[in-house]
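The primary structure of each chain is shown beneath.
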Amino acid sequence: MPDYSFEPEDIDLPKGAWARTHRRRLFLDGRPVLALTQGQHRAYVFPLYTPAGFLVTAERPADHPHHASLWIGADHVDTLVPAVGGTVEDYTYNFYVDEVFQGRAPGRILETSVSGTASGDGRFEIRQRLDWRGPPEWGADDGRLVATEERRFVVSTSARRHRIDVTSTFTPAACPVRLGPTRHAWFNVRVADSLIAANGGRLRDDRGREGGAAICGEGATWVDFTGPVGGGREAGVSVVPHPVDSRKPFWFAADWGVVSVGHFRSAPLLLDQGRTYQSRYTVLVHDGEADQDENDAIARETS
């Protein structure tokens, strides 16, 4: 049976110092698989390794420092707050960029709890709870609680790939929430620099289309980035979204290294208080070429 361990990363800080961020690492038979990282603005997965030990994602690249390896976020998040006289006020936030973006103040996605458990079938399950909070403002020193989220990561492995099934359950807090419309959402991967097209990488989808210009929009059932990782080896990342009601996935993919997929590009998603938005994605972190047959099979899964 696989031998998993899930443990915090200890950093020897000077006496009296403390870190604003933290990282918890998952190991398989003593080799790193991934880490859950809490940044100052959001929680994300970094590092992310193939079974052979190649790092395939980037953390805070120079061109887009808000890109955080593998993360969930949205830049159009509106909280609909009841006001006097039966009116509703729109509190608008951005949970994607770390600064004010197009007039929307940056919120924070903060881990509140995390646990990990090995199962008897060779998988490892991580459950993480998070608060989506607006920025500190008048009347809300800690930021308004916009929503809560539970992320469930189920990790399984084979000789040439790690499979990570990510389920996000997003629940509005005290008021309804509107997500989108936007292309900056929902599930995102930023690949390592060696995998981008300028360095010999290849971006493709299930239809055989190559390059971001051909892939962007609706239609793809999975997207893969594969490229050189050194020593004559190649590795990559496949992203497979699963169905969300009747909404079709909308892709934004770019040859310079990002893959984003969400379900509210052209029409917003309105969540009344008490209603949840659950989405599921499978990520395959692989050595060598992507297994297109496996990607196709995963895309056909319904649960």
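All of these numbers come straight from a predicted model, not from anything done at the bench.

Let's talk about helix α2 (residues 292-299)
Looking only at α2, the buried set comprises E294, N295 and I298. Projected down its long axis, α2 shows its buried positions confined to an angular sector of 100 degrees, all on one face. The inward-facing, buried residues of α2 contact β11 (161-172), β16 (233-241) and β20 (277-287). Backbone nitrogen of D293 and a side-chain oxygen of the N-cap are separated by 3.2 Å at the start of α2; the cap is D291.

Let's talk about the sheet that holds strand β10 (residues 145-157)
Each strand in a sheet pairs with another by means of backbone hydrogen bonds, the pair being arranged parallel or else antiparallel. The strand order β8-β9-β10-β11-β20-β16-β15-β14 describes an open sheet built from eight strands, whose pairing is antiparallel. The open sheet has two free edges, formed respectively by β8 (108-118) and β14 (202-205), since each of these has just one partner strand. Between one strand axis and the next, the sheet turns by 20 degrees as a mean value, whatever way the strands run. One ladder, built from ten bridges, connects β11 with β20; its direction is antiparallel. Counted as the bridge partner of V166 is Y281 from β20.

Focus: the packing of aromatic side chains
In the structure shown here, the tally under the stated rule is twelve aromatic pairs. Ring geometry for F187 and Y281: centres 4.4 Å apart, planes at 5 degrees, overall stacked. A residue pair is termed long-range when its members are at least 10 positions apart, and F187 in strand β13 (residues 185-190) and Y281 in strand β20 qualify at 94 residues. Among the residues examined, F187 registers a relative accessible area of 1% and is labelled buried. With a centroid separation of 5.8 Å and an interplanar angle of 70 degrees, the aromatic rings of F264 and Y277 are classed as edge-to-face. Remark: Y277 occurs in strand β20 and F264 occurs in the loop between β18 (258-262) and β19 (269-271); sequence separation between them is 13 residues. Summarising the burial analysis for this pair, F264 and Y277 share the class buried. Here the aromatic residues Y93, F95, W132, F170, W186, F264 and Y277 are joined through ring pairs into a cluster of three or more.

With respect to unusual backbone geometry
Across the junction of F46 and P47, the peptide omega takes the value -5 degrees, indicating a cis bond. The linkage connecting G180 with the following residue, P181, adopts the cis geometry, with an omega of 5 degrees. Relative to the assigned elements, P181 resides in the loop between β12 (177-179) and β13. The phi dihedral of D29 falls on the positive side, at around 50 degrees, and the residue is not glycine. Its identity as a non-glycine residue notwithstanding, R60 has a phi of 55 degrees, on the positive side. Along the polypeptide, R60 turns up in the loop between β4 (43-48) and β5 (70-82).

Section: the pattern of salt bridges
Scanning the model with the defined rule gives 23 salt bridges in all. Between R23 and E59 there is a salt bridge; the shortest N-O distance is 2.8 Å. You can see R23 sitting in strand β2 (residues 22-28) and its partner E59 sitting in the loop between β4 and β5, a full 36 residues away along the chain. Residue classification places E59 among the partly exposed residues on the basis of a relative accessible area of 27%. For the salt bridge of R207 with D205, the shortest nitrogen-to-oxygen distance reads 2.6 Å. Assessed through its relative accessible area of 31%, R207 is described here as partly exposed. Judged by relative accessible area, which is 2%, D205 ranks as buried. Taken together, the shared-partner salt bridges connect E125, R127, R129, E150 and R152 into one network.

So, how was this worked out
Sequence order sets the numbering: in each chain, residues are counted from 1 along the sequence as written. Only residues with pLDDT of at least 70 get local features here, since the model is predicted, and only at 80 or more are side-chain atom pairs given and counted; chain-wide, interface and lining totals rely on the full set of residues. Excluding hydrogens and water, the side-chain figures rest on all heavy atoms present in the structure. Only protein chains enter the accessibility calculation, which uses a 1.4 Å probe; a residue whose area is less than 20% of its type maximum is buried, one above 50% is exposed, and one in between is partly exposed. The secondary structure listing takes helices from DSSP runs of H or I that are at least 4 residues long and strands from runs of E that are at least 2 residues long, numbered from the N terminus. Each C-beta atom gives one direction from the helix axis, and the arc is the one those directions make. By the convention used here, residues are in contact when the closest approach between their heavy atoms is within 4.5 Å. Within 3.5 Å is the distance limit for a polar contact, defined as a pair of N or O atoms, with the added protein rule that one can donate a hydrogen and the other accept it, and that residues adjacent in sequence qualify only through two side-chain atoms. When DSSP finds two or more bridges between a pair of strands, those strands are recorded as paired. All axes here are fitted lines through C-alpha atoms, helices being fitted over the stretch that makes contact, and every angle between N-to-C directions spans 0 to 180 degrees. Two rings from Phe, Tyr or Trp (for Trp, the six-membered ring) form a pair when their centres are within 6.5 Å of each other. A pair whose planes differ by under 30 degrees is stacked, one over 60 is edge-to-face, and the rest are tilted. By salt bridge we mean one thing: a side-chain nitrogen of Lys or Arg within 4 Å of a carboxyl oxygen of Asp or Glu.

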